[in-house]
Amino acid sequence: PEKILKQIWFDYIKKTVNACELKQIAELVTNLGYPISNTLEQLFTILINDKTIKNKKKANMVLLLSESEKKISEGSNEYLQLLRIFCHFHQEFRE
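What counts as what
Residues numbered from 1 in each chain as written. Predicted model: local features only at pLDDT ≥ 70, side-chain atom pairs only at ≥ 80, totals over all residues. Heavy atoms only, no water. Helix = DSSP H or I, 4+ residues; strand = E, 2+ residues; numbered from the N terminus. Buried < 20%, exposed > 50% of the residue type's maximum accessible area, 1.4 Å probe, protein only. Contact = heavy atoms within 4.5 Å. Salt bridge = Lys/Arg side-chain N within 4 Å of Asp/Glu carboxyl O.

## Brief notes about the environment of Thr 30
Point 1. Considering the arrangement of structural elements, one finds Thr 30 in helix α2 (residues 19-31).
Point 2. Assessed through its relative accessible area of 30%, Thr 30 is described here as partly exposed.
Point 3. Along the sequence, Thr 30 and Ser 73 sit 43 residues apart, while their C-alpha atoms lie 16 Å from each other.
Point 4. Not counting the four nearest positions on each side in its chain, Thr 30 is found in contact with Tyr 79 and Leu 82.

## Quick look at the pattern of salt bridges
Point 1. Per the stated rule, a full pass over the model turns up 3 salt bridges.
Point 2. The salt bridge involving Lys 70 is made with Glu 74; its shortest N-O contact spans 2.7 Å.
Point 3. A relative accessible area of 56% places Glu 74 in the exposed class.

Keep in mind these values describe shape, not function.
What follows is the structure, given as structure tokens:
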């Protein structure tokens, strides 16, 4: 889902959207059925390659990705973790 995630990254996460829209985006990505590990890996790649983000913000975002991956491996809900990631990333861009 790399193409979809890049579109989401630039069209939604980095722009001004509301919580309801982020929820719909997380539902869409989850419903596509791609393995969450691939989704997180691709989000990581997009994040690392985005030259507009300061290193401190990148570090916070990478930490969140790793925490979410750990929680998912322990049985946490994939949709909720993805929603958490999208909301946190969106908030990072607002600061």
